[in-house]
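Structural characterization, general
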Amino acid sequence: MPKDYPRSDRLASQIQRELASLVHSNLKDPRLCSPSILEVRVSKDLSQAKVYFSVLNPDDAEQSLRALKHAGG
């Protein structure tokens, strides 16, 4: 009997909460224009995650992406 809420979905939800908290409280990069973490998708084998985010001004999206990649380490 399959689970109604797979582990990959639970992990994606937890990653989304943690990233949102980290971005808003710990990142002080002036290039960040208050991004919102919209969704996280985790592969079935839990080896990869894709993070989708949004910014209020579409012109700031590329700049925010560079800042997030730089902070990723």
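Here the residue numbering is sequential within each chain, running from 1 through the sequence in written order. Selection of residues for local features in this predicted model requires a pLDDT of at least 70, selection of side-chain atom pairs for listing and counting requires 80 or more, and totals for whole chains, interfaces and linings are taken over all residues. Only heavy atoms go into the side-chain values, all of them from the structure, while hydrogens and water stay out.

1. Quick notes on the overall build of the protein chain
- Each helix corresponds to a stretch of at least 4 residues labelled H or I by DSSP, and each strand to a stretch of at least 2 residues labelled E; elements are numbered beginning at the N terminus. Across its full length, the protein chain holds 2 helices and 2 strands.
- Secondary structure of the protein chain in N-to-C order comes out as α-β-β-α.
- Overall, the protein chain is about 50 × 20 × 20 Å in size when its C-alpha atoms are taken along their principal axes.
- Residue exposure (1.4 Å probe, protein chains only): buried if accessible area is under 20% of the type maximum, exposed if over 50%, otherwise partly exposed. Scored against the burial criterion, the 73 residues of the protein chain give a buried share of 16%.
- The contact criterion used is simple: two residues touch if any of their non-hydrogen atoms lie within 4.5 Å. Considering only intrachain contacts with a sequence separation of at least 6, the fraction spanning at least 24 residues in the protein chain is 39%.

2. Focus: the confidence of the model for the protein chain
- Values of pLDDT, the confidence the predictor places in each residue, fall between 0 and 100. Per-chain confidence: the protein chain averages 87 in pLDDT, with 96% of residues scoring 70 or above.
- For the protein chain, per-element mean pLDDT is lowest for helix H2 (residues 61–72), which scores 86, and highest for strand E1 (residues 36–42), which scores 94.

3. A few points about the side chain of Asp 60
- Structurally, the position occupied by Asp 60 is in the loop between strand E2 (49–54) and H2.
- Under the counting rule used here, the positive set is Lys and Arg, the negative set is Asp and Glu, and His together with the chain ends is not counted. When a carboxyl oxygen of Asp or Glu lies within 4 Å of a side-chain nitrogen of Lys or Arg, that pair is called a salt bridge. One buried charge, Asp 60, has no salt-bridge partner; the nearest side chain with opposite charge is Arg 66, at 8.8 Å.
- Non-local contacts of Asp 60, meaning those with residues more than four positions away in its chain, are made with Cys 33 and Val 55.

4. Some points on the side chain of Ser 8
- Position of Ser 8 among the secondary structure elements: in helix H1 (residues 7–25).
- Among all residues touching Ser 8, those that are not within four sequence positions of it are Val 42, Ser 43, Lys 44 and Leu 46.

5. Side note on the nonpolar core
- Remark: nonpolar core denotes a set of buried residues (Ala, Val, Leu, Ile, Met, Phe, Trp, Tyr, Cys) joined through side-chain atoms within 4.5 Å. Ala 12, Val 23, Ile 37, Val 40 and Val 42 form the largest nonpolar core, which has 5 residues in total.
- For Val 40, the residues in contact, after removing those within four places along its chain, are Ala 12, Ile 15, Gln 16, Ala 49, Lys 50 and Val 51.

6. Topic: the pattern of salt bridges
- Inspection of every chain in the model, using the stated rule, returns 1 salt bridge.
- The partner of Glu 39 in a salt bridge is Arg 41, and the shortest N-O contact between them spans 2.9 Å.

7. Observations concerning the environment of Ser 64
- Counting through the fold element by element, Ser 64 comes out in helix H2.
- Note on Ser 64: relative accessible area 0%, which makes it buried.
- Once the C-alpha coordinates of Ser 64 and Gln 16 are considered, the two residues, 48 residues apart in sequence, prove to be 17 Å apart.
- Every residue in contact with Ser 64, bar those within four places of it in the chain, is listed here: Arg 31, Leu 32, Cys 33, Phe 53 and Val 55.

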